[in-house]
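Here is how the chains run, residue by residue.
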Amino acid sequence: MHAAFGADQVLLGEATERYLHDWSGIGAKSALAVLRPRSTEELCALMELCHAHDQPVIPQGGLSGLVGGAVPRGGEVLVSLERMNRIEKIDTESGTVTVEAGAVLQNVQEACREAGALLAIDLGARGSCQIGGNVATNAGGNRVIRYGTTRDLILGLEVVLADGTVLDMMNQMAKNNAGMDLKHLFIGSEGTLGIVSKVVVKLHPLPLRTCTALVGTESYASALTFLRQAQASLSGQVSAFEIMWSDYLEIVSETCALRSPLDGDYPVYVLIDMHCGQPETDAARFQAMLEQAFQQGSILDGAVAQSVAEAASFWSLRDGISEILRDFAPTLNFDVSVPVARIGECAEHIRANLKRDWPVLNALFFGHVGDGNLHVVVCRVPNSPEELERVEKAVYSVVGRYRGSISAEHGVGTLKKHWLAYSRTPAELALMRGLKKVLDPKGLLNPGKLI
Ligand code: FAD
């Protein structure tokens with residue numbers, strides 16, 4: 001490796017340590033080396049070499065993953081995309097941005113904003129996650145309710161296969177039915193089918209203003225009524241609808257030394273954003289919608305952010321999850337989805353199951369509810385694998401009952417692999433394995449992950 005690629009590209013021994021862990025907290029084994037290509041050609045050459053020597057490879061993005069997908073299991077070569085981070089072209093006329101896969105999401109967002117366009121992929125890990133990682137995990141995040149998941153925003157991809165073959169699918173158009181749309185095989189495949197090296201992402205008009213409010217409601221049912229009212233009166237302009245149960249808000253306020261802008265305490269809180277194309281009239285519509293919801297009783301109180309800084313302070317309540325994950329480790333992080341209308345009862349079932357068997361464990365509930373996505377963080381979980389499995393079962397058995405998904409947006413990695421059959425049929429799993437065999441017959445790409 002050293003001889004073929006030079007010391008600068010190949011890290012060994014202690015230098016590999018910062019590449020061994022993601023945010024899942026999963027225990028890592030050592031890696032043979034970390035390779036850091038600077039171009040598709042270099043990536044291709046190193047994949048050819050690994051393929052010739054039957055060397056397993058793990059693609060790595062910004063290591064913000066929550067399911068252990070990029071973590072070594074022993075003896076793999078880690079391929080970090082961090083040096084392939086160029087923003088090649090922002091085309092505001094066609095509404096596209098072309099980037100190398102290792103570009104950090106926030107850097108691309110900022111470059112697009114400066115060019116007058118919105119890159120709508122957005123998540124709390126924006127400062128470290130990479131576009132390639134977002135594609136590989138089909139990241140969701142805060143704006144799905146308005147703009148869709150990463151899959152909905154990707155127009156084209158370049159992918160390097162396990163044997164070094166480069167698949168150029170750098171489509172720039174919204175419509176292209178010339179045969180099968182192969183890029184979708186790789187979106188959400190968690191590095192098991194190919195390494196994403198370049199990406200074309202669809203851009204949207206930059207909102208001229210964002211209206212933000214934090215409201216308190218009586219129950220999940222009221223929050224859902226509020227969602228429907230907001231969607232009806234703001235005609236599709238709701239760009240975030242984040243829900244937080246009171247236990248989450250209390251702990252995040254305490255942990256991050258933040259203050260809720262509301263005076264009272266409420267069972268369920270909603271953080272709502274509206275992207276405005278016409279600042280004055282849209283702000284008045286936003287205010288009127290809140291007043292109507294208050295009169296009709298779906299919300300009990302609300303605060304509208306009066307400045308960008310105040311909106312950011314409301315959002316820090318939601319984004320404070322990163323500090324909770326750190327301060328309350330070890331945590332078990334659930335990222336499930338069920339039909340939107342059933343989230344309230346699903347959350348109550350899960351809460352009851354956990355309270356019944358582990359009365360002292362603290363479980364926090366929040367999520368991107370407009371998308372049917374519920375997050376549950378169980379804090380300071382016991383160390384024993386058997387006990388952890390019981391906690392997981394207490395949650396996933398409820399999700400299974402609603403025919404929900406064990407992974408709404410974080411992916412499967414190693415942490416959720418064991419539970420995949422709760423959400424996928426045997427026929428689906430067999431087809432996934434078949435596709436893996438076709439694209440990576442030697443099983444060298446991210447072995448042991450996802451399937
Ligand atoms: P990594 O963690 O490095 O890798 C993740 C997986 O993708 C691994 O399987 C890896 O092998 C594969 N991979 C990475 N790059 C490539 C590539 N170029 N080609 C092929 N495979 C690759 N996720 C959400 O969906 N929504 C959220 O709202 C959200 N919020 C988060 C908030 C915080 C505070 C944190 C820590 C995480 C959050 N996440 C969220 C999870 C995580 O940020 C996303 O999964 C993200 O998309 C991972 O990107 P990454 O570059 O860090 O990938």
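Everything below is about the structure printed above this text.
Neighbouring residues of the ligand: 36 residues in total, closest Pro 59, Gly 61, Gly 62, Ser 64 and Gly 65. The contact in question runs from an oxygen atom of the ligand to an N or O atom on the backbone of Gly 61, over 2.8 Å. Asn 446 is positioned with one of its side-chain polar atoms (N or O) 3.2 Å from an oxygen atom of the ligand. In the complex, the protein chains occlude 96% of the 970 Å² of accessible area that the ligand would expose alone. Ranked by residue count, the leading element in the shell around the ligand is helix 4 (residues 131–137), at five residues. Across the shell around the ligand, the residue classes break down as 14 nonpolar, 20 polar and two charged.

In this section: unusual backbone geometry. Cis geometry marks the peptide bond from Ala 329 to Pro 330, where omega comes out at -5°. Within the secondary structure layout, Pro 330 lies in the loop between helix 12 (321–327) and strand 16 (332–337). One non-glycine residue with positive phi stands out, namely Ser 235, at about 30°. Relative to the assigned elements, Ser 235 resides in the loop between helix 8 (220–233) and strand 13 (238–245). The class of Ser 235 is exposed, set by a relative accessible area of 53%. For Arg 380, which is not glycine, the phi dihedral falls at a positive 45°. Tracing the backbone shows Arg 380 in the loop between strand 18 (373–378) and helix 14 (385–401).

Strand pairing in a sheet takes place through backbone hydrogen bonds and is either antiparallel or parallel in direction. Within the open sheet, the five strands sit side by side as 5-6-10-8-9. Their pairing is antiparallel. The open sheet is flanked by strand 5 (87–91) and strand 9 (166–169), the only strands paired with a single partner. Each strand axis lies, on average, 10° off the axis of its neighbour in the sheet, ignoring direction.

Before going further, it helps to spend a moment on helix 10 (residues 279–296). Its 18 residues give helix 10 an end-to-end C-alpha distance of 26 Å, which sits within 8% of 26 Å, the value for a rise of 1.5 Å per residue. Considered for burial, the residues of helix 10 that qualify are Asp 282, Ala 283, Phe 286, Met 289, Leu 290 and Ala 293. Looking down the long axis of helix 10, one finds its buried residues gathered within 120° of arc, a one-sided arrangement. Residues of helix 10 that are exposed and point over 90 degrees away from its buried face: Glu 280 and Gln 295. Contacts made by the buried residues of helix 10 are with strand 12 (209–217), helix 8, strand 14 (268–276) and strand 15 (301–304).

Let's shift gears to the pattern of salt bridges. Under the defined criterion, the tally for this structure stands at 19 salt bridges. Taking the shortest distance from any N to any O, the salt bridge between Arg 390 and Glu 387 comes out at 3.2 Å. Taken together, the residues span about one helical turn, with Arg 390 and Glu 387 both in helix 14 at a distance of three residues. Of the residues examined, Arg 390 reaches a relative accessible area of 42% and is grouped as partly exposed. On the basis of relative accessible area, Glu 387 is assigned to the partly exposed category, the value being 22%. Here Glu 428 and Arg 424 are joined by a salt bridge, their closest N and O atoms 3.2 Å apart. Arg 424 sits in the partly exposed class, given a relative accessible area of 37%. Salt bridges sharing partners connect three or more residues here, namely Arg 18, Arg 36 and Glu 82.

Right, let's get into the packing of helix 8 against helix 10. Two numbers describe how helix 8 lies on helix 10: the axes approach to 10 Å, and their chain directions differ by 145°. Between helix 8 and helix 10 the crossing geometry is right-handed. Across from Phe 226, Gln 229, Ala 230 and Ser 233 in helix 8, the residues of helix 10 making contact are Arg 285, Met 289, Leu 290, Ala 293 and Gln 296. Partitioning the contact of helix 8 with helix 10 into residue classes produces five nonpolar, three polar and one charged.

With that settled, the discussion passes to the environment of Pro 385. Secondary-structure assignment places Pro 385 in helix 14. Separated by 39 residues in sequence, Pro 385 and Arg 424 place their C-alpha atoms 24 Å apart.

Thresholds applied
- Residues numbered from 1 in each chain as written.
- Predicted model: local features only at pLDDT ≥ 70, side-chain atom pairs only at ≥ 80, totals over all residues.
- Heavy atoms only, no water.
- Near = heavy atom within 4 Å.
- Polar contact = N/O pair within 3.5 Å; in protein donor to acceptor, adjacent residues only side chain to side chain.
- Areas by Shrake-Rupley, 256 points an atom, 1.4 Å probe, with all protein chains shown as cover.
- Helix = DSSP H or I, 4+ residues; strand = E, 2+ residues; numbered from the N terminus.
- Nonpolar A, V, L, I, M, F, W, Y, C, P; charged D, E, K, R; others polar.
- Buried < 20%, exposed > 50% of the residue type's maximum accessible area, 1.4 Å probe, protein only.
- Pairing = 2+ DSSP bridges.
- Axes fitted to C-alpha atoms, helices over the stretch in contact; angles between N-to-C directions.
- Expected span 1.5 Å × (residues − 1).
- Arc of directions from axis to C-beta.
- Contact = heavy atoms within 4.5 Å.
- Salt bridge = Lys/Arg side-chain N within 4 Å of Asp/Glu carboxyl O.
- Left-handed = near helix turned anticlockwise from the far one by under 90°.

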